[in-house]
Amino acid sequence: MPPEVPLIDLAAQHARLRPALDALWSETLVDSGFIGGAAVEEFEAAFAKTMGHGHVVSCGNGTDAIELALDALDIGAGDEVIVPAMTWFSTGEAVTTRGARVVFADVDEVTNGLSVATVEPVLTPATRAVIVVHLYGCPANARGLAELCDRRGVALVEDCAQVHGGRAQGQPAGTWGRLATYSFFPSKNLGAFGDGGAVGTDDERLAERVRLLARHGQSARHRHELCGRNSRLDTLQARVLSAKLPHLREWVTERNALAEYYTQRLTDLPALRLPTHAPRGGDVHAFHLYVVRTGQRNALASALAEAGVQTAVHYPTPLHLQPAYASHVPAATAPVAEALGREVLSLPLYPGLTAPQQDAVTAAVRNFFHV
Ligand SMILES: *Cc1c(COP(=O)(O)O)cnc(C)c1O
């Protein structure tokens, strides 16, 4: 019997870190400090260093991080923000809930992210920001977009929820934009034991503003400079993330090796389109997901399920075709994003995935295509 292969196995990752993780539970119980404190500050400093940011402000989740970044830039009613049509819903939602207008742009065939060619035509005098998503962990052309945004006086925000540990054109992904946003949702490349998020930037003024916005506008105890919100990373989550952070680099290396293994064994299948590992010089794919494309997506997913291989679709419906944007004007078209919605399938990929498991996946895929 071939082994069952889950899409992701967090228990396998955590088993490797068991002593360190066990210790932080008891540490938390003993000091019973659950909000703020040194553990949160230590994580923010360590994460800033690893990601190449001058400043990091932690927050409640990755969606809050995008909202806080837009709020820090004073984006609201009357402003337009360009967002990829294919991404997790948060990227668009955060713009809409700020009261600003989402302008959907199509994604690039190779990176699955925004490109200069898709963004430039939809820039208008009302555009205040562009949010590039490094989708599936693949570095988008952040450098090209940063140059375009610079020329046009628009802020570039990088949604880095899927690219922890990746590099774009020679720099850590997230360091090309004015602000970078992160999610620590458990299944991300760097995941907490619950929700968590962060905003990174080199701009001290913006960092200070994000911190104020996320902490009720408090500049000092009981002094509120503005009306913000409450968005915090729990102390326990900061400890979990600090225990995992030193392993991020080796996990991304492992993810790349696993991706390479798939690519070598599937590259001869003409009906299957495989991910591009490093679209540009200086890119390091973070391989949050290994996403293949095929016109027979649903049939392939069923065949894999029958063979004990779990897969998922990230994502079946582009944002501009979601019911929430049904009355969006002007109606957007994004042919690449729409094709991705019909054709993408994520294969199992996570640190700890074994060669026999990967062989079971590739055998089932080859079997489906009769090769
Ligand atoms: C996960 C994710 C988010 C949101 O993160 P949460 O922590 O779940 O709020 C935003 N953008 C992208 C691209 C994501 O993958």
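Quantities reported herein were computed from a predicted structural model and do not represent experimental measurements.

Cut-offs and rules
- Residues numbered from 1 in each chain as written.
- Predicted model: local features only at pLDDT ≥ 70, side-chain atom pairs only at ≥ 80, totals over all residues.
- Heavy atoms only, no water.
- Helix = DSSP H or I, 4+ residues; strand = E, 2+ residues; numbered from the N terminus.
- Buried < 20%, exposed > 50% of the residue type's maximum accessible area, 1.4 Å probe, protein only.
- Contact = heavy atoms within 4.5 Å.
- Polar contact = N/O pair within 3.5 Å; in protein donor to acceptor, adjacent residues only side chain to side chain.
- Near = heavy atom within 4 Å.
- Areas by Shrake-Rupley, 256 points an atom, 1.4 Å probe, with all protein chains shown as cover.
- Nonpolar A, V, L, I, M, F, W, Y, C, P; charged D, E, K, R; others polar.
- Core = buried A, V, L, I, M, F, W, Y, C linked by side-chain atoms within 4.5 Å.
- Pairing = 2+ DSSP bridges.
- Axes fitted to C-alpha atoms, helices over the stretch in contact; angles between N-to-C directions.
- Phe/Tyr/Trp six-rings, centres within 6.5 Å; stacked < 30°, edge-to-face > 60°.
- Salt bridge = Lys/Arg side-chain N within 4 Å of Asp/Glu carboxyl O.
- Disulfide = S-S within 2.5 Å.

1. Observations concerning unusual backbone geometry
Step number 1: Look at the link from histidine 314 to tyrosine 315: it is a cis peptide, with omega at 10 degrees.
Step number 2: Its place among the elements puts tyrosine 315 in the loop between helix H11 (297-306) and helix H12 (335-343).
Step number 3: Although it is not a glycine, serine 32 sits at a positive phi angle of roughly 45 degrees.
Step number 4: Among the structural elements, serine 32 can be located in the loop between helix H2 (18-31) and helix H3 (38-51).
Step number 5: Overall, serine 32 belongs to the partly exposed group, its relative accessible area being 41%.
Step number 6: At aspartate 74, a residue that is not glycine, the phi angle is positive and equals roughly 60 degrees.
Step number 7: With respect to the secondary-structure elements, aspartate 74 resides in the loop between helix H4 (62-72) and strand S2 (80-84).
Step number 8: On the accessibility criterion, aspartate 74 (54% relative accessible area) is exposed.

2. Overview of helix H8 (residues 204-214)
Since one α-helical turn is 3.6 residues long, residues separated by three or four positions face the same way.
Step number 1: Every buried residue belonging to H8 is among Leu206, Ala207, Val210, Leu212, Leu213 and Ala214, and all of these are buried.
Step number 2: Looking at the buried side of H8, the elements it contacts are strand S1 (55-59), H4, strand S8 (179-183), strand S9 (197-201) and strand S10 (218-220).
Step number 3: Sitting at the amino-terminal end of H8 is aspartate 203, which places a side-chain oxygen 2.9 Å from the backbone nitrogen of arginine 205.
Step number 4: Immediately downstream of H8, the backbone of histidine 216 shows phi near 55 degrees, a positive value.

3. Things to note about the site of the ligand
Step number 1: Close to the ligand lie 13 residues, the nearest being Gly62, Thr63, Gln162, Ser183 and Lys188.
Step number 2: Contact distances for the ligand include 3.5 Å between an oxygen atom and a side-chain N or O atom of asparagine 61.
Step number 3: The backbone of glycine 62 places a nitrogen or oxygen atom 2.7 Å from an oxygen atom of the ligand.
Step number 4: Relative to its unbound accessible area of 380 Å², the ligand is 92% covered by the protein chains.
Step number 5: Its residues assigned to classes, the shell around the ligand shows three nonpolar, eight polar and two charged.

4. Notes on the nonpolar core
Step number 1: Counting 43 residues, the largest nonpolar core has Val81, Met86, Val95, Ile131 and Leu179 as the members making the most contacts within it.
Step number 2: For this core, the element with the highest residue contribution is H4, accounting for six residues.
Step number 3: By size, the runner-up hydrophobic cluster in this structure holds 40 residues, among which are Phe43, Ala142, Val154 and Phe184.

5. Topic: the sheet that holds strand S4 (residues 127-133)
Step number 1: In spatial order, the strands read S1-S9-S8-S5-S4-S2-S3; together these seven strands make up an open sheet with mixed pairing. Strands with a single pairing partner mark the edges of an open sheet, and in this sheet they are S1 and strand S3 (101-105). The sheet shows a mean angle of 20 degrees between the axes of neighbouring strands, direction not considered.
Step number 2: Inspection of the sheet shows S1 paired to S9 by five bridges, in the antiparallel sense. Bridge assignment links valine 57 to a residue of S9, and that residue is valine 199.
Step number 3: The sheet contacts of H8 involve S1, S8 and S9, and relative to S1 the element is tilted by about 15 degrees.

6. Focus: the packing of aromatic side chains
In this description, an aromatic ring pair is defined by two values, namely the gap between the centres and the angle between the planes.
Step number 1: Using the criterion set out here, one finds eleven aromatic pairs in the structure.
Step number 2: Consider the rings of tryptophan 88 and tyrosine 315, whose centres lie 5.9 Å apart with planes at 45 degrees: the pair is tilted. In this pair, tryptophan 88 is assigned in the loop between S2 and helix H5 (90-97) and tyrosine 315 in the loop between H11 and H12, connecting sequence segments 227 residues apart.
Step number 3: You can call tryptophan 88 partly exposed: its relative accessible area is 48%.
Step number 4: Judged by its relative accessible area of 12%, tyrosine 315 falls in the buried class.
Step number 5: With centroids separated by 4.9 Å and ring planes inclined at 45 degrees, the aromatic side chains of tyrosine 262 and tyrosine 290 adopt a geometry described as tilted.

7. Side note on the pattern of salt bridges
One side chain can pair with another of opposite charge once the charged atoms of both are near each other.
Step number 1: What the rule picks out here adds up to 21 salt bridges.
Step number 2: Note that glutamate 80 and arginine 101 form a salt bridge whose closest N and O atoms lie 3.2 Å from each other. With a gap of 21 residues between them, glutamate 80 in strand S2 and arginine 101 in strand S3 connect regions that are remote in the sequence.
Step number 3: A salt bridge links glutamate 109 to arginine 273, with the nearest nitrogen and oxygen atoms 3.2 Å apart. Highlighted residues: glutamate 109 in the loop between S3 and helix H6 (116-119) and arginine 273 in the loop between helix H10 (248-266) and strand S12 (290-293), separated in sequence by 164 residues.

8. Regarding the side chain of threonine 28
Step number 1: The residue threonine 28 is located in helix H2 in this model.
Step number 2: The class of threonine 28 is buried, set by a relative accessible area of 4%.
Step number 3: Excluding residues that lie within four positions of it along the chain, threonine 28 makes contacts with Gly33, Phe34, Leu236 and Arg239.

9. Here's the deal with H4
Step number 1: For H4, the tally of buried residues reaches ten of eleven residues, placing the bulk of the element in the interior.
Step number 2: Within the span of H4, buried status applies to Gly62, Asp64, Ala65, Ile66, Glu67, Leu68, Ala69, Leu70, Asp71 and Ala72.
Step number 3: Here H4 starts with a cap whose side-chain oxygen sits 3.0 Å from the backbone nitrogen of threonine 63, and that cap is asparagine 61.
Step number 4: Phi turns positive one or two residues past the end of H4, at aspartate 74, with a value near 60 degrees.

10. What to know about the state of the cysteines
Step number 1: Summed over the entire model, instances satisfying the criterion amount to zero disulfides.
Step number 2: Unpaired in terms of disulfides, cysteine 59 finds its nearest cysteine sulfur in cysteine 160, a separation of 13 Å.
Step number 3: Judged by relative accessible area, cysteine 59 falls into the buried class, the value being 0%.
Step number 4: In this model cysteine 149 remains outside any disulfide bridge; the closest cysteine sulfur is found in cysteine 160, 14 Å from its own.
Step number 5: The buried category is assigned to cysteine 149, whose relative accessible area is 3%.

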